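# A structural walkthrough
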Amino acid sequence: MDKIVSPSLLACDFLNLGAELKAFDNVEDLWFHIDVMDAHFVPNLTFGHPVVKKLQTVTKKKLDAHFMVTDPTFFADNFKDCGIHNFSFHWEATNHHDRLISYLKDLYPSVGIALNPSTPIEAIPDYLLSRVDLVLLMSVNPGFGGQKFIESTVEKTKSLNQKREKLQANFQIQIDGGVTNKNAMTLRDAGANNLVAGSYIFKGQPSEYQQLADSLR
Ligand code: DX5
Ligand code: ZN
């Protein structure tokens, strides 16, 4: 699998959103990670539909939307004209995972399941792991950028990777929260191919973004 880096726009300069995205034009294997929150599933509110809809006009990169919301179906309908490539919903937000995955697959090219730090990978039945395109392991509690990486995510990543091999499934393993150059290689070795990073990348100047993103491969 390609080694993907997904800068989390939550940490970018909102007053220069278009320029922030354009700074990555020449970086390969890069997705933009968009954290959509509803001030209900998590205690924060971020990007709404009008803002996300504009992003596709300034970049050709894949848009990876992480919905931290209690009603993923509503957001799936509402955001379907935003050019989103991957739609990740939180496992904890519904009891109707099978139905939701079928619904999302009709609307989006890629569907992901996100797990809170305290949700074990065993919560997801094998047959659903074989149906999704991505599993996002939260390595901080969702809601805010700039938090400390939860170390037990490394073992969780290894277990998920072993399970993927056993099932001969091909979902991506994405890690989100507190990712830096200090833990990136450990996470890659554990089986993660897609690393989200907000504060680590956007702490730099735009001229440094490429080098900071590539330092996570
Ligand atoms: C947190 C978000 C993350 C966040 C990561 O709820 O899902 O995507 O932006 O930010 P950093 O990399 O700063 O931990
Ligand atoms: Zn996220």
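Residues numbered from 1 in each chain as written. Chains lettered and ligands numbered in written order. Predicted model: local features only at pLDDT ≥ 70, side-chain atom pairs only at ≥ 80, totals over all residues. Heavy atoms only, no water.

## Re the coordination of the zinc ion (ligand 2)
Protein-derived ligands of the zinc ion (ligand 2) are His33 (NE2), Asp35 (OD), His66 (ND1) and Asp176 (OD), with the metal-ligand distances lying across 2.0 to 2.3 Å. Sequence spacing of the donor residues for the zinc ion (ligand 2), all on one chain, is H-x1-D-x30-H-x109-D. Placement of aspartate 35 in strand E2 (residues 31–37) and of histidine 66 in strand E3 (residues 62–68) is noted, with a sequence separation of 31 residues between them. (Donors = N, O, S within 2.8 Å, 3.2 Å for Na, K, Ca; no water. Helix = DSSP H or I, 4+ residues; strand = E, 2+ residues; numbered from the N terminus.)

## Comments concerning the side chain of arginine 188
In this structure, arginine 188 sits in helix H7 (residues 184–190). At 8.3 Å, aspartate 189 is the nearest oppositely charged side chain to arginine 188, a buried residue that forms no salt bridge. Within the structure, the side chain of arginine 188 is placed 2.5 Å from the backbone oxygen of asparagine 193, a separation counted as a polar contact. If we skip the residues at most four places from it in the chain, arginine 188 touches Lys3, Ile4, Val5, Asn193, Asn194, Leu195, Leu216 and Arg217. (Buried < 20%, exposed > 50% of the residue type's maximum accessible area, 1.4 Å probe, protein only. Lys, Arg positive; Asp, Glu negative; His and termini not counted. Salt bridge = Lys/Arg side-chain N within 4 Å of Asp/Glu carboxyl O. Polar contact = N/O pair within 3.5 Å; in protein donor to acceptor, adjacent residues only side chain to side chain. Contact = heavy atoms within 4.5 Å.)

## Considering the sheet that holds E2
One open sheet accounts for eight strands, arranged E1-E8-E7-E6-E5-E4-E3-E2; its pairing is parallel. A strand with exactly one partner marks an edge of an open sheet, and here the two such strands are strand E1 (4–7) and E2. Strand after strand, the sheet turns through a mean of 20° between neighbouring axes, direction not considered. Strand direction decides the pairing type here: strand E5 (residues 110–115) and strand E6 (residues 134–138), joined by four bridges, are parallel. Bridging across to E6, leucine 115 finds its partner in leucine 137. (Pairing = 2+ DSSP bridges. Axes fitted to C-alpha atoms, helices over the stretch in contact; angles between N-to-C directions.)

## Side note on the site of ligand 1
Around ligand 1 there are 20 residues in total, and Ser8, Gly143, Asp176, Gly198 and Ser199 lie nearest to it. The side chain of serine 8 places a nitrogen or oxygen atom 2.8 Å from an oxygen atom of ligand 1. Contact between ligand 1 and serine 199: an oxygen atom at 2.5 Å from a side-chain N or O atom of the residue. For ligand 1, the protein covers 99% of the area, taking 380 Å² as the surface of the free molecule. (Near = heavy atom within 4 Å. Areas by Shrake-Rupley, 256 points an atom, 1.4 Å probe, with all protein chains shown as cover.)

## As for the nonpolar core
In terms of nonpolar packing, the biggest core is built from 61 residues, with Leu9, Phe67, Phe79, Ile175 and Ile201 touching the most fellow members. Excluding residues within four positions of it along the chain, isoleucine 175 makes contact with Leu137, Ser139, Phe149, Thr153, Thr157, Leu187, Ala192, Asn194, Leu195 and Val196. Counting seven residues, the second-largest nonpolar core is a separate cluster that includes Ile4, Leu136, Met138 and Val140. (Core = buried A, V, L, I, M, F, W, Y, C linked by side-chain atoms within 4.5 Å.)

## Considering the packing of aromatic side chains
Within the structure shown, the criterion is met by eleven aromatic pairs. Taking 5.8 Å as the distance between ring centres and 35° as the angle between the ring planes, the aromatic pair formed by phenylalanine 75 and phenylalanine 79 counts as tilted. By relative accessible area, which is 12% here, phenylalanine 75 ends up buried. On the basis of an interplanar angle of 70° and a centroid distance of 5.0 Å, the ring pair of phenylalanine 202 and tyrosine 209 is categorised as edge-to-face. (Phe/Tyr/Trp six-rings, centres within 6.5 Å; stacked < 30°, edge-to-face > 60°.)

From the geometry alone we can't say anything about function, so treat these as descriptive.
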